[in-house]
Amino acid sequence: MPANNSHRLIRTVLVGLGSVNRNLLDILASKKERLLNEYGLEFRVVCIADSSGVAMDSLGYDPATLRQEKAAGKRVSDMRGYNRSLRVTDVIEDQACDLVMEASPVNLEHGDPGLAITRAALSNGISVVLANKAPLVLAFHELHQLARDNDCKLGFSATVCGGLPVVNIGRRDLVAADIELLRGIFNSTCNFILDEMATGRSYEDALLEAQRRGIAEADPALDVEGWDTANKLSIIANSILGMSVTLEDIKVSGITALTQDFVMAEKEQGRRVKLVATAHEGKLSVGPVSLPDSDFLANCDGWEMGVEIHSDIYGKMYHKLWEREPIPTAASMLRDAVNILADKR
Ligand SMILES: NC(=O)c1ccc[n+]([C@@H]2O[C@H](COP(=O)([O-])OP(=O)(O)OC[C@H]3O[C@@H](n4cnc5c(N)ncnc54)[C@H](OP(=O)(O)O)[C@@H]3O)[C@@H](O)[C@H]2O)c1
């Protein structure tokens, strides 16, 4: 890529400093020169938030140091710039930032803190990149309207299958397509557990490994009961299938009722049990399906996620991704940020 001679300082807020945003900090540190040279962007992390509170330093936090400190168990309330009464929304309302990158836990009841922060940022003309699905699941169309009204952007490619650009393919590359069928494996925690169960490993043991690798949700019930997959399907339906849906429009079942004997017996018969999301003829569902070994989704193994899209003018597409730790998810947040900032140049 040719050198970029512009230099834009992007005062960035990180909400959540867990698996995803810690990987984002790593990427911001390791790709700093590249982002400056190729895109003319300097991301300065000026505000950070975790469950202990919010800290602000307009001179910025060094990403590598912050990552190390957080990984070593330090909390935001122990860090420079912490202010007990400060809220992320104060930083937004003071126009003390240019971008919010939101990766706090999913809360499907009220959506917060992600939903309130996203509303505040977009209302103030500040673009947001989400890894957290809850704001979109609860208020997809409202948030997009806010972004349009206030001339800013909402990036969310990381919310669906981490690094797999399902949303981008659907929105950018399937121009004028009618999508006739979309089915996919969108939750690598379930996919890993089911594959391991097929080889005789226990459900509990496999779930523990997914948690240790930072792939499982903070509340793993969201994964194994199918809700994480349903969240992603609702985002896909609203963003690329031209639908207007909520979770109530999706028939959902998870993997908790499956026994190891059943999963192993299916494998012996040449079938693979997978948690599959399907959109077909206006109906949306999530549930376990026994697929023949020859099926594309049956061959999305372990840490892979995949999507199959049949449309009227682009044929049948098959995409998959291997993601064992959420580095590609963090990279997708960066991708969204760079694309948003390039558009708003
Ligand atoms: N992990 C993945 O593979 C993946 C992939 C795609 C999308 N996502 C989504 O990305 C988001 C983050 O995932 P993660 O794996 O990084 O989760 P995580 O490891 O559990 O980290 C969550 C972070 O949010 C912080 N937090 C909790 N309550 C908060 C509050 N009220 N205000 C500000 N911060 C708060 C936590 O603080 P403490 O550090 O103090 O606990 C923690 O730093 C989730 O919404 C998830 O669904 C994750």
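Residues numbered from 1 in each chain as written. Predicted model: local features only at pLDDT ≥ 70, side-chain atom pairs only at ≥ 80, totals over all residues.

Describing the nonpolar core
Membership of the largest hydrophobic core comes to 102 residues, with the highest contact counts inside it found for Val13, Ile48, Val100 and Met101. Counting the residues that make up this core, at least three belong to each of domain 1 (8-162 + 327-343) and domain 2 (166-322). When sequence neighbours within four positions are dropped, the list of residues in contact with valine 100 reads Val13, Val15, Ile117, Ala121, Ile126 and Val128. (Core = buried A, V, L, I, M, F, W, Y, C linked by C-beta atoms within 7 Å. Buried ≥ 20, exposed ≤ 12 C-beta atoms within 10 Å, placed from the backbone. Domains from an automatic or database assignment. Contact = placed C-beta atoms within 7 Å.)

A few points about the sheet that holds strand β8 (residues 250-252)
If you walk across this open sheet you meet the 6 strands as β8-β10-β9-β7-β11-β12, and the pairing is mixed. For this open sheet the edge positions go to β8 and β12 (315-322), each flanked by a neighbour on one side alone. Averaged over all adjacent pairs, the angle separating strand axes in this sheet is 25°, with direction ignored. Along the sheet, helix α11 (residues 227-240) makes contact with β7 (179-185), β8, β9 (271-280) and β10 (283-292), crossing β9 at roughly 35°. Sitting on the sheet, helix α12 (residues 260-268) is in contact with β9 and β10, with an inclination near 95° to β9. (Pairing = 2+ DSSP bridges. Helix = DSSP H or I, 4+ residues; strand = E, 2+ residues; numbered from the N terminus. Axes fitted to C-alpha atoms, helices over the stretch in contact; angles between N-to-C directions.)

Digging into the sheet that holds strand β3 (residues 53-61)
Overall, mixed pairing links the 6 strands, which are arranged β3-β2-β1-β4-β5-β6 in an open sheet. Each of the sheet's edge strands pairs with one partner strand only, and the pair in question is β3 and β6 (154-155). Relative to strand β4 (residues 99-102), strand β1 (residues 8-15) is paired through 4 bridges, and the arrangement is parallel. When the bridges of β4 are listed, leucine 14 appears paired with methionine 101.

Focus on the site of the ligand
Looking at the ligand, there are 28 residues lining it, with Gly16, Gly18, Asp50, Ser51 and Asn132 nearest. Of all the secondary structure elements, the ones that give two or more residues to the shell around the ligand are α1 (19-30) and β2 (41-50). Of the residues in the shell around the ligand, the class split is 13 nonpolar, 11 polar and 4 charged. Lining the shell around the ligand are residues from two domains, each supplying at least three of them: domain 1 (8-162 + 327-343) and domain 2 (166-322). (Near = placed C-beta within 6 Å. Nonpolar A, V, L, I, M, F, W, Y, C, P; charged D, E, K, R; others polar.)

Some details on unusual backbone geometry
Proline 113 follows aspartate 112 through a cis peptide bond whose omega is 10°. You will see that cysteine 161, though not glycine, has its phi angle at about 60°, which is positive. Owing to 28 C-beta atoms within 10 Å, cysteine 161 belongs among the buried residues under this scheme.

Looking at the domain arrangement of the protein chain
Under the domain assignment used here, the protein chain contains domain 1 (8-162 + 327-343) and domain 2 (166-322). If you average the C-alpha positions of domain 1 and of domain 2, the two centres end up 27 Å apart. Tallying the contact residues gives 15 residues for domain 1 and 19 residues for domain 2.

Thoughts on the pairing of β7
Side-chain direction in a regular strand flips from residue to residue, so the side chains alternate between the two faces of the sheet. Across 6 bridges, β7 lies against strand β11 (residues 304-311) in antiparallel orientation. Bridging across to β11, leucine 181 finds its partner in histidine 310. As defined by bridge partners, β7 adjoins β9 across 4 bridges and the pair is classed as antiparallel. By the bridge assignment, arginine 183 is partnered in β9 with threonine 278.

Things to note about helix α3 (residues 63-71)
When we look at burial in α3, the residues that qualify are Pro63, Leu66 and Arg67. For α3, the angular spread of buried residues about the axis comes to 100°, placing them on one side. Turning to α3, the residues buried within the fold contact α1, β2 and β3. Where α3 terminates, the next one or two residues include glycine 73, which has phi positive at roughly 100°. (Arc of directions from axis to C-beta.)

Brief notes about the pairing of β10
Here 3 bridges tie β8 to β10, and the two strands are oriented parallel to one another. Bridging across to β10, isoleucine 250 finds its partner in leucine 284. Across 10 bridges, β9 lies against β10 in antiparallel orientation. When the bridges of β10 are listed, alanine 279 appears paired with leucine 284. Here β9 hands over to β10 after 2 residues, with glutamate 281 in that stretch at a positive phi of 50°.

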